[in-house]
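Coordinate analysis (summary)
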Amino acid sequence: MHCQEPLKVNSKPIDDIIYRYRTAHMLNAAVENGIFTKLTFPKKAHQLAEEINHDPRTTEKLLNVLAASGLLIKSGEEYHDSYEAQTFLAEGGHNYIGNLVRITVGCSTLLDRLNDILKKGPALQDELDFDRVQLLGHAEGALCEELGPVMDVIKNMAEFTRSKRILDLGGGHGVYSIALAQSNPSSSVALFDRPNIIEFAKEFIAKYEMDDKIRFISGDFNADDIGTGYDMVFVSHVLYLSCDLNSVLRKIYNSLNDDGIVVLNHWMLDDCRTSPKVSVIFDLYLSLVSKKYGCHTISEFVELLINAGFGDVRIFDIRTPHSPSMIVMGLKKKR
Ligand SMILES: C[S@@+](CC[C@H](N)C(=O)[O-])C[C@H]1O[C@@H](n2cnc3c(N)ncnc32)[C@H](O)[C@@H]1O
């Protein structure tokens, strides 16, 4: 070994990625096993291990990792939830995001096949169908991160305040349908989605006692009629299709009344396609799922709206480091 000059760079960017990967999986294991739910009251590691039928030695080490990460407090030999863990990771709370953790870290099966997919392309050619955990995860993501900023923008739109009929296209769980109906009680809100998702949305919206305020329409917006006479069509995290979106946007345009608006809320890329980082990672992830998926740039969304006939296109930047959503809206001008 010969002495080297001290390096002028360090490996921090690489270290950050590899260690986060490990801790993300450890957090996911804790969520999957309901550890935060069980540690709302203090317990010793061996007591918890016995309760969930796990190996006591590795359980204790996992609890130490969670304590080192600020998610558990260790006092003497006992562990209990930190305030953050109790708020977001103990089941039953209003702010629970355990399903969001599960779908974000649980996508590792696809990432485990990354090399293979990079060589051969994605195996799934069709569109993705969402299961219950994914739908709950999407709802938790909306409630925890985006609902407030998105609704702040929408509530300030004069076109929303005067809307009588609103469509939440690809509304999924229905969090946005609920918020739209609550923020404009004189409007009639319809949620459009695939039949199996509509079943979930009905159940989810009923928990908020809003099921009699929202109309449900099941179908495939590529093939079926989405209705007409809307004053606003809201589309959130739906248009991640890499195929031609012109026909979907044209369909939305035709479904609107004159002076009606379309509001698109998506994770979008900047023109360079290398920022913001979370959108860039999501763009790759989507393309691993299927050839049909990918993210779009803000300019692409603007161009799509203009091509579909919309005018007065406006952009609202509501990006945060973890949730890089942008809103792009367009107006159907009276001809
Ligand atoms: C990621 S979820 C978004 C849910 C919600 N809008 C949000 O922002 O969290 C996408 C939704 O679009 C729906 N969707 C995608 N393509 C569709 C199609 N062709 N017809 C009807 N719904 C569709 C999916 O079923 C899913 O519920």
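Throughout what follows, the structure given in this document is the object of discussion. What you see is a predicted model, and the numbers here were worked out from it, not measured in a lab. (Residues numbered from 1 in each chain as written. Predicted model: local features only at pLDDT ≥ 70, side-chain atom pairs only at ≥ 80, totals over all residues. Heavy atoms only, no water.)

Structural notes on the side chain of Glu 159
- Position of Glu 159 relative to the elements: it lies in helix α10 (residues 158-161).
- A residue is classified by how much of its surface remains accessible, and Glu 159, at 9% relative accessible area, is buried.
- In contact with Glu 159, other than residues within four places in its own chain, are Asp 259, Ile 261, Arg 314, Met 329 and Leu 331. (Helix = DSSP H or I, 4+ residues; strand = E, 2+ residues; numbered from the N terminus. Buried < 20%, exposed > 50% of the residue type's maximum accessible area, 1.4 Å probe, protein only. Contact = heavy atoms within 4.5 Å.)

A look at the environment of Ile 217
- Here Ile 217 lies in strand β6 (residues 214-218).
- Classification of Ile 217 as buried rests on a relative accessible area of 18%.
- A C-alpha to C-alpha distance of 10.0 Å links Ile 217 and Asp 168, two positions 49 residues apart in sequence.
- With near-sequence residues (within four places) excluded, Ile 217 lies in contact with Leu 167, Ala 190, Leu 191, Phe 192, Asp 193, Ile 198 and Tyr 230.

Considering the environment of Ser 82
- Summarising the element assignment, Ser 82 is placed in the loop between β3 (78-81) and α5 (83-88).
- Separated by 46 residues in the primary sequence, Ser 82 and Leu 128 place their C-alpha atoms 36 Å from one another.
- Setting aside chain neighbours within four positions, we find Ser 82 in contact with Gly 70, Leu 71, Leu 72 and Ile 73.
- A distance of 3.0 Å separates a polar side-chain atom of Ser 82 from the backbone oxygen of Gly 70. (Polar contact = N/O pair within 3.5 Å; in protein donor to acceptor, adjacent residues only side chain to side chain.)

Observations regarding the pattern of salt bridges
- Tallied over the entire structure, the rule returns 11 salt bridges.
- Among the salt bridges present, the one from Asp 212 reaches Lys 213, with a minimum N-O distance of 3.8 Å.
- Here the salt bridges share partners, and the residues they tie into one network are Glu 159, Asp 312 and Arg 314. (Salt bridge = Lys/Arg side-chain N within 4 Å of Asp/Glu carboxyl O.)

Remarks on the sheet that holds strand β1 (residues 43-44)
- An order of β1-β3-β2 is seen for the 3 strands of this open sheet, with the pairing classed as antiparallel. Both outer strands of the open sheet, β1 and β2 (72-75), are each paired with one neighbouring strand and no more.
- Along the sheet, helix α4 (residues 56-68) contacts β2 and β3; its crossing angle with β2, the most-contacted strand, is approximately 110 degrees. (Pairing = 2+ DSSP bridges. Axes fitted to C-alpha atoms, helices over the stretch in contact; angles between N-to-C directions.)

Focus on the pairing of strand β5 (residues 188-193)
- For β5, the tally of buried residues reaches 5 of 6 residues, placing the bulk of the element in the interior.
- Sheet topology note: the strand β4 (residues 165-169)/β5 ladder contains 5 bridges and is parallel. Bridging from a neighbouring strand, Ile 166 pairs with Val 189 of β5.
- In the classification by handedness, the crossover that spans β4, the intervening helix α11 (residues 175-183) and the parallel β5 is right-handed.
- Bridge count for β5 against β6 is 5 bridges, and the pairing is parallel. Paired with Leu 191 across the strands is Phe 216, a residue of β6. (Right-handed = clockwise from strand over helix to strand, strands pointing away.)

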